[in-house]
Amino acid sequence: MNDGALYRKLVDLYAGGELPAELEEEMEWASIADPDLARDMVSLRRTVEALRAAPIPAYGEESMQRVLMKLYTRGLDLQPRAPEPTHLQYHLPISG
């Protein structure tokens with residue numbers, strides 16, 4: 001695998017600021033010679049920054065019910081997962 005292919009696989013980590021500083025700098029140097037890589041790096045980083053700056057949407061019980069109703073009308077029989085109560089778990093004897 002050449003360096004260009006490796007850098008393309010790391011663009012999402014670069015955009016999220018999740019790479020070590022040395023590797024991030026190496027990618028920035030590599031992007032000088034590869035305009036497609038540079039475009040991806042810049043556009044994805046801007047997208048991540050915009051998403052992080054956006055306010056967190058409120059998602060309450062009413063929203064959950066609306067989503068479930070839309071799924072039901074489309075024919076999906078989706079049951080929300082709830083944690084199993086601990087009283088339904090079997091206790092095995094420990095013999096030593």
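Scroll up to find the structure this text is about.
Residues numbered from 1 in each chain as written. Predicted model: local features only at pLDDT ≥ 70, side-chain atom pairs only at ≥ 80, totals over all residues. Heavy atoms only, no water.

Peer 1: Outline the overall build of the protein, listing residues and values.
Peer 2: Per the secondary structure count, the protein includes four helices and zero strands. Walking the protein from its N terminus toward its C terminus, one meets helices and strands in the order α-α-α-α. Considering only contacts within the protein whose residues lie at least 6 apart along the sequence, 38% involve residues at least 24 apart. When the accessible area of the protein is evaluated, it comes to approximately 8400 Å², of which 59% is carbon and sulfur surface. (Helix = DSSP H or I, 4+ residues; strand = E, 2+ residues; numbered from the N terminus. Contact = heavy atoms within 4.5 Å. Areas by Shrake-Rupley, 256 points an atom, 1.4 Å probe, with all protein chains shown as cover.)

Peer 1: Any chance you could break down the pattern of salt bridges for me, citing the residues and the numbers?
Peer 2: Applying the stated criterion across every chain yields a total of four salt bridges. Across the pair Glu 24 and Arg 45 runs a salt bridge whose closest N-O atoms are separated by 3.4 Å. Placement of Glu 24 in helix H2 (residues 21-33) and of Arg 45 in helix H3 (residues 35-53) is noted, with a sequence separation of 21 residues between them. Take Glu 24 and Arg 45: they sit in the same class, and that class is buried. Between Arg 39 and Asp 36 there is a salt bridge; the shortest N-O distance is 3.0 Å. Here the residue Arg 39 and the residue Asp 36 both occupy positions in helix H3, the gap between them amounting to three residues, near one helical turn. (Salt bridge = Lys/Arg side-chain N within 4 Å of Asp/Glu carboxyl O. Buried < 20%, exposed > 50% of the residue type's maximum accessible area, 1.4 Å probe, protein only.)

Peer 1: Any details on a nonpolar patch on the surface? Residues and values, ideally.
Peer 2: Residues Met 69, Tyr 72, Leu 76 and Leu 78 make up a contiguous nonpolar surface patch of roughly 370 Å² in combined accessible area. With respect to the helices, strands and loops of the structure, Met 69 is situated in helix H4 (residues 61-73). On the basis of relative accessible area, Met 69 is assigned to the partly exposed category, the value being 47%. (Patch = residues over 30% accessible without salt bridge, like charges linked within 9 Å, V, L, I, M, F, W, Y side chains within 5 Å.)

Peer 1: If you had to explain the packing of aromatic side chains to someone new, which residues and values would you point to?
Peer 2: Under the counting rule described, the total for this entry stands at zero aromatic pairs. Positioned over the ring face of Tyr 14 is Arg 45, at 4.0 Å from the centre of the ring. (Phe/Tyr/Trp six-rings, centres within 6.5 Å; stacked < 30°, edge-to-face > 60°. Lys NZ or Arg CZ within 6 Å of the ring centre and 35° of its normal.)

Peer 1: Can you tell me about the side chain of Arg 45, naming the residues and giving the values?
Peer 2: Note on Arg 45: relative accessible area 19%, which makes it buried. Of the polar contacts made by the side chain of Arg 45, one reaches the side chain of Glu 24; its length is 3.4 Å. Once you skip the residues sitting within four places of it in the chain, Arg 45 turns out to touch Tyr 14, Ala 15, Gly 17 and Glu 24. (Polar contact = N/O pair within 3.5 Å; in protein donor to acceptor, adjacent residues only side chain to side chain.)

Peer 1: Just give me the short version of a negative patch on the surface, but keep the residues and values in it.
Peer 2: Taken together, the side chains of Asp 3, Glu 22, Glu 25, Glu 26 and Glu 28 define an acidic patch exposed on the protein surface. By residue number, the principal contributor to the negative patch is H2, which donates four residues. By the secondary structure assignment, Glu 28 is in helix H2. (Lys, Arg positive; Asp, Glu negative; His and termini not counted. Charge placed at Lys NZ, Arg CZ, Asp CG, Glu CD.)

Peer 1: How would you summarise the nonpolar core if you had to cite specific residues and measurements?
Peer 2: One finds Tyr 7, Leu 10, Val 11, Tyr 14, Leu 19, Met 27, Ala 30, Leu 37 and Met 41 forming the largest nonpolar core, which totals nine residues. Of all elements in the fold, only helix H1 (3-15), H2 and H3 reach the threshold of two or more residues within this core. Per element, the largest residue contribution to this core is four residues, and it comes from H1. (Core = buried A, V, L, I, M, F, W, Y, C linked by side-chain atoms within 4.5 Å.)

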